[in-house]
Amino acid sequence: MRVNEIFYSLQGEGFYAGTPAVFVRFSGCNLKCSFCDTVHDRFQEMSEEDIIDDVAKYPATHIVITGGEPVLQLTSSLVSRLHDAGKYVQIETNGTAPLPDGCSVDWITCSPKYRPVKLRHIDELKVVFTSSEQDMSQYDRYEAAVYSLQPCDVGDRKANARILKEAVCYCLAHPKWRLSLQTHKLINVR
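Residues numbered from 1 in each chain as written. Predicted model: local features only at pLDDT ≥ 70, side-chain atom pairs only at ≥ 80, totals over all residues. Heavy atoms only, no water.

Things to note about the layout of surface pockets
Taken as a whole, the second largest pocket spans an internal volume of roughly 270 Å³. Around the second largest pocket, the lining residues are Pro151, Cys152, Asp153, Asn160, Ala161, Leu164, Leu181, Gln182, Lys185 and Leu186. Taken together, the elements giving at least two residues each to the lining of the second largest pocket come down to helix H3 (157–173) and helix H4 (183–186). Ranked by residues supplied to the lining of the second largest pocket, first place goes to H3 with 3 residues. (1 Å grid on protein atoms, 1.4 Å probe; cavity = no way out; pocket = protein on both sides within 12 Å on 5 of 7 lines; lining within 4 Å. Points joined across faces, edges and corners; volume = space filled by probe spheres on them. Helix = DSSP H or I, 4+ residues; strand = E, 2+ residues; numbered from the N terminus.)

Right, here's the structure in full:
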């Protein structure tokens, strides 16, 4: 498996924000989003055993499998092995590919982008919000336990302030959505 990095930090966004977690970031993605913060061409080949050994170095039981797009490499056997090690497995995916057969992830955070979602189940729908002009009606067809709206970080303080203000207004007008800030950026952790 092509692994970009494995590290221990706090979950910075979404429903589990603030939770200590081990992040397994796979390399590669089927989309090229302009706001992505992952370098997709950097990776180390690792076996499932290597991944399990690295994850075991940290005290957290919460594992976040992310990317790039993790479903392109995720296997049901890796998830089973993490469960056997007593881990809670969350995945962050764009949803453009289904989970592998028999893959029993504990929490699915889906952040759809530009293509239809092929997941049968979503725990958290996390939408990257860019402006009040964004067509949010396209997300009405998805059912999830949690709906998170995350202001896009475009790298410009003034634009980011505008996007945040518009996201807050949208959440207030549409209370099924909750604001999801990228707290790891606010508190300067990975």
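Still more to cover.
Focus: the sheet that holds strand S2 (residues 20–26)
A sheet is described by the order of its strands in space; here 9 strands give the open sequence S3-S1-S2-S4-S5-S6-S7-S8-S9, paired in mixed fashion. On the outer flanks of this sheet lie strand S3 (44–45) and strand S9 (177–179), each paired with one strand and no other. Along the sheet, helix H1 (residues 48–55) makes contact with strand S1 (2–10), S2 and strand S4 (62–66), crossing S2 at roughly 155 degrees. Together, S2, S4 and strand S5 (88–93) form the strand contacts of helix H2 (residues 76–84), whose direction differs from that of S5 by roughly 145 degrees. (Pairing = 2+ DSSP bridges. Contact = heavy atoms within 4.5 Å. Axes fitted to C-alpha atoms, helices over the stretch in contact; angles between N-to-C directions.)

Quick notes on the side chain of Ser148
Mapped onto the secondary structure, Ser148 falls in strand S8 (residues 146–151). For Ser148, a relative accessible area of 1% gives the class buried. If we skip the residues at most four places from it in the chain, Ser148 touches Gly14, Phe15, Glu124, Leu125, Lys126, Val127, Trp177, Arg178 and Ser180. (Buried < 20%, exposed > 50% of the residue type's maximum accessible area, 1.4 Å probe, protein only.)

As for H1
Inspection of H1 places Glu48, Ile51, Ile52 and Val55 among the buried residues, and these make up the whole buried set. For H1, the angular spread of buried residues about the axis comes to 100 degrees, placing them on one side. For H1, the secondary structure elements touched by its buried residues are S1, S2, S4 and H2. (Arc of directions from axis to C-beta.)

Re the nonpolar core
Residues Ile51, Leu74, Leu99, Val105, Leu125, Leu149 and Trp177 are the most contacted members of the largest nonpolar core, which totals 43 residues. In terms of residue count, the dominant contributor to this core is H3 (4 residues). The residues touching Leu99, leaving out its near neighbours within four places in the chain, are Val71, Leu74, Ile91, Val105, Ile108 and Leu119. (Core = buried A, V, L, I, M, F, W, Y, C linked by side-chain atoms within 4.5 Å.)

Description of the packing of H1 against H2
Running from N to C, H1 and H2 cross one another at 30 degrees; their axes reach a closest spacing of 10 Å. As the angle between them shows, H1 and H2 are arranged roughly parallel. Between H1 and H2 lies a crossing of right-handed hand. Judged by residue contacts, Glu48, Glu49, Ile51, Ile52 and Val55 of H1 engage Ser77, Leu78, Arg81 and Leu82 from H2. (Parallel < 35°, antiparallel > 145°, perpendicular 65-115°, else oblique. Left-handed = near helix turned anticlockwise from the far one by under 90°.)

As for a nonpolar patch on the surface
On the surface, a cluster of nonpolar side chains totalling about 520 Å² of accessible area is made up of Leu164, Val168, Leu172, Leu179, Leu181 and Leu186. Broken down by element, the residue count for the nonpolar patch peaks at 3 residues, all from H3. Note that Leu172 resides in helix H3. Given a relative accessible area of 68%, Leu172 falls into the exposed group. (Patch = residues over 30% accessible without salt bridge, like charges linked within 9 Å, V, L, I, M, F, W, Y side chains within 5 Å. Areas by Shrake-Rupley, 256 points an atom, 1.4 Å probe, with all protein chains shown as cover. Salt bridge = Lys/Arg side-chain N within 4 Å of Asp/Glu carboxyl O.)

Topic: H3
Relative to the 24 Å expected for 17 residues at 1.5 Å per residue, H3 spans 24 Å between its end C-alpha atoms, a close match to the ideal helical length. Every buried residue belonging to H3 is among Ala159, Ile163, Glu166, Ala167, Tyr170 and Cys171, and all of these are buried. Within H3, the buried residues cover an arc of 140 degrees as seen down the axis, which keeps them to one side. Exposed residues pointing more than 90 degrees away from the buried face of H3 are listed as Arg157, Lys158, Lys165 and Leu172. At the N-terminal end of H3, a side-chain oxygen is found 3.3 Å from the backbone nitrogen of Lys158, two or three residues along, and the residue is Asp156. (Expected span 1.5 Å × (residues − 1). Polar contact = N/O pair within 3.5 Å; in protein donor to acceptor, adjacent residues only side chain to side chain.)

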